[in-house]
Amino acid sequence: MEQLVINGGHSLYGEIAIGGMKNSALPVIFATLLIKDECVIYNVPLVSDIINSIEILKQMGAKAELTENHTLIINTRDVQDEIKGYELISKMRASSYLMGTMLSRAKKAYLPMPGGCNFGARPIEQHLKGFSMLGANCSCENGFISINASKLLKSTKITLDKISVGATINIVLASVFVEGVTVIENVAIEPHVDDLICFLNTAGAKILRVGRKIYCEGVKKLHSVRYRIFPDMIEALTYMTFVGACSGDINLTGVNYEHIKYVCDIFRKMGFEIDAYYDEARVKAGKNLVGASIETAPYPLFPTDLHPQFSSLLCFTKDGGEIKESIFPTRFAYAYELEKMGAKIKREDNVVKINPSNLSPASLDATDLRAGAALVCASLGTNGTSRINNVNYIVRGYENLVGKVSSLGGKIKLLKGE
Ligand code: EPU
């Protein structure tokens, strides 16, 4: 088994490039199913979730090539109506986008329940509610989802009961070709949603988002496109937590400051110096950061995908803080790992209180993608050698983490298993 070995306690200096956003590249890749022609997609991160999504489409008959310079050339013209790649589908949350895309393309979708990071229930009833309101028949039995449109889908108004990135994206994907205007209310407005809308509109769709409402006017066909994925806000913010834990002065290139501004303002109050200009952010942190208390919430507020890394950062502050997790109330597996390092953490329901802690190196297990990033953060800031197992979770979403951290002066190595 692969293992990350981190010798912590070294400040970080230098410059790294932030990649394309995993969580928008994923729906964009599945959305190529709506375009039966060649698409060229730039700034695609080379992470395992992306590689597995492309593999699913290839198993269904797509031709695709992802190059070292982050360009995906994909053509789904010959994709068959049957969904294939069940094993990969059941490991990945984003494979749920096969529901909306195949409903649009083939008028049916039959697939295993999508998997994904394991931090509690990941229901899909809002996705199915949207498909049903458009006129599809949906059922779930023995771990499989079946969606069928025996008649033409009809445009309608759909109000989500809960703000959901996945449901918003899936309903948009299902509505692209539906005659008339489908209105979706109470939608997620994460940059990944806008990235997908932008991609579809570039290909000829007619979709408009105004606040938490999306208007999708059905079109007959989409055409071939060249498109560039937005920068990954969570990758950028994760590296900022690393600098906070270690202190230092780094420059991040290829970021979109608008997407990270809310969290940068919190970092500034903690004592970070952040200068953002054009698509770069220079981030400096010293040894005497103050703590902060936050609550996770849908964009534009504090992202749940930064909660674990932020907890690690709080351990290194003068007065710690509290985190209330309002999106995935059981996303706390990382806390047991931080406790192995001596972190002083108290958890009650969906709130953790992190006290400033003198961490010691330890042998740790990543339990999911962001939990893994949190352990990297804690290990980089702690004097001595820590080891992190289950690296497979971390490579789902962070491209070349070892190379990027090393180029900043962090002492990190990937030990290959037998
Ligand atoms: N929810 C429902 N019913 C539904 C759908 C969602 O109750 O039908 C609830 C969820 O249980 C959760 C909340 O709504 O409490 C938000 O879930 P959402 O649907 O927005 O999450 P998702 O689409 O499954 C995506 C990202 C996650 C990220 C969340 C929240 C992808 C592939 N995944 O998941 O990313 O945490 O949005 O922003 O885009 C990650 O990158 O590490 C990751 C887990």
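About the thresholds
- Residues numbered from 1 in each chain as written.
- Predicted model: local features only at pLDDT ≥ 70, side-chain atom pairs only at ≥ 80, totals over all residues.
- Heavy atoms only, no water.
- Axes fitted to C-alpha atoms, helices over the stretch in contact; angles between N-to-C directions.
- Helix = DSSP H or I, 4+ residues; strand = E, 2+ residues; numbered from the N terminus.
- Parallel < 35°, antiparallel > 145°, perpendicular 65-115°, else oblique.
- Left-handed = near helix turned anticlockwise from the far one by under 90°.
- Contact = heavy atoms within 4.5 Å.
- Nonpolar A, V, L, I, M, F, W, Y, C, P; charged D, E, K, R; others polar.
- Pairing = 2+ DSSP bridges.
- Domains from an automatic or database assignment.
- Buried area = accessible area lost by both parts, 1.4 Å probe.
- Salt bridge = Lys/Arg side-chain N within 4 Å of Asp/Glu carboxyl O.
- Near = heavy atom within 4 Å.
- Polar contact = N/O pair within 3.5 Å; in protein donor to acceptor, adjacent residues only side chain to side chain.
- Areas by Shrake-Rupley, 256 points an atom, 1.4 Å probe, with all protein chains shown as cover.

Asker: What am I meant to see in the packing of helix α5 (residues 125–133) against helix α6 (residues 165–175) here?
Answerer: Packing of α5 against α6 brings their axes to within 8 Å, and their N-to-C directions diverge by 25 degrees. Between α5 and α6, the interaxial angle falls into the category roughly parallel. The chirality of how α5 crosses α6 is right-handed. Counting all contacts with α5, which are made through Gln126, His127, Gly130 and Phe131, the residues of α6 involved are Gly166, Ala167, Asn170, Ile171 and Ala174. Counted by class, the contact of α5 with α6 contains four nonpolar, five polar and no charged residues.

Asker: Is there a simple way to think about the sheet that holds strand β11 (residues 206–210) in this case?
Answerer: By definition, the strands of a sheet pair up through backbone hydrogen bonds, in either a parallel or an antiparallel sense. Taken in spatial order, the four strands line up as β9-β10-β12-β11 in an open sheet, and their pairing is mixed. With partners counted over all chains shown, the strands left at the sheet margins are β9 (157–159) and β11, one partner each. For this sheet the average axis-to-axis angle between neighbouring strands, irrespective of direction, equals 15 degrees. The pairing of strand β10 (residues 181–185) with strand β12 (residues 213–217) spans five bridges and is antiparallel. For Val181, the partnering residue across the bridge sits in β12 and is Glu217. Here helix α7 (residues 191–202) sits on the sheet in contact with β11 and β12, set at roughly 150 degrees to β11.

Asker: Where do I start with the domain arrangement of the chain in this structure?
Answerer: You'll often see interface size given as the accessible area lost when the parts meet. Looking at the assigned domains, one finds that the chain contains domain 1 (3–19 + 231–415) and domain 2 (22–228). Domain 1 and domain 2 are separated by 30 Å when their C-alpha centres are compared. Taken together, the contact between domain 1 and domain 2 spans 21 residues of the former and 22 residues of the latter. When domain 1 packs against domain 2, close to 1,800 Å² is buried across both sides, 54% of that on carbon and sulfur atoms. Ranking the residues of domain 1 by area buried against domain 2 places Tyr299, Arg396 and Glu399 at the top, with a combined share of 39%. Asp49 is the partner of Arg396 in a salt bridge, and the nearest nitrogen-oxygen pair spans 2.9 Å.

Asker: What exactly am I supposed to notice about the sheet that holds strand β16 (residues 280–285) here?
Answerer: Across the sheet, which stays open at both edges, the four strands sit in the order β2-β14-β16-β15 with mixed pairing between neighbours. The open sheet has two free edges, formed respectively by β2 (12–17) and β15 (273–277), since each of these has just one partner strand. Sheet twist, expressed as the average angle between the axes of neighbouring strands with direction ignored, equals 10 degrees. Inspection of the sheet shows β15 paired to β16 by five bridges, in the antiparallel sense.

Asker: Which parts of the structure should I look at to understand the site of the ligand?
Answerer: Close to the ligand lie 23 residues; Gln126, Ser164, Val165, Asp305 and Ile327 are nearest. Contacts to the ligand include Arg370, whose side-chain N or O atom sits 2.8 Å from an oxygen atom. Protein coverage of the free-state accessible area of the ligand, which is 820 Å², stands at 92%. Where the shell around the ligand is concerned, the elements lending two or more residues are α1 (22–31), α5, α6 and α12 (369–380). Broken down by element, the residue count for the shell around the ligand peaks at three residues, all from α5. Across the shell around the ligand, the residue classes break down as nine nonpolar, six polar and eight charged. A domain-level breakdown of the shell around the ligand finds at least three residues from each of domain 1 (3–19 + 231–415) and domain 2 (22–228).

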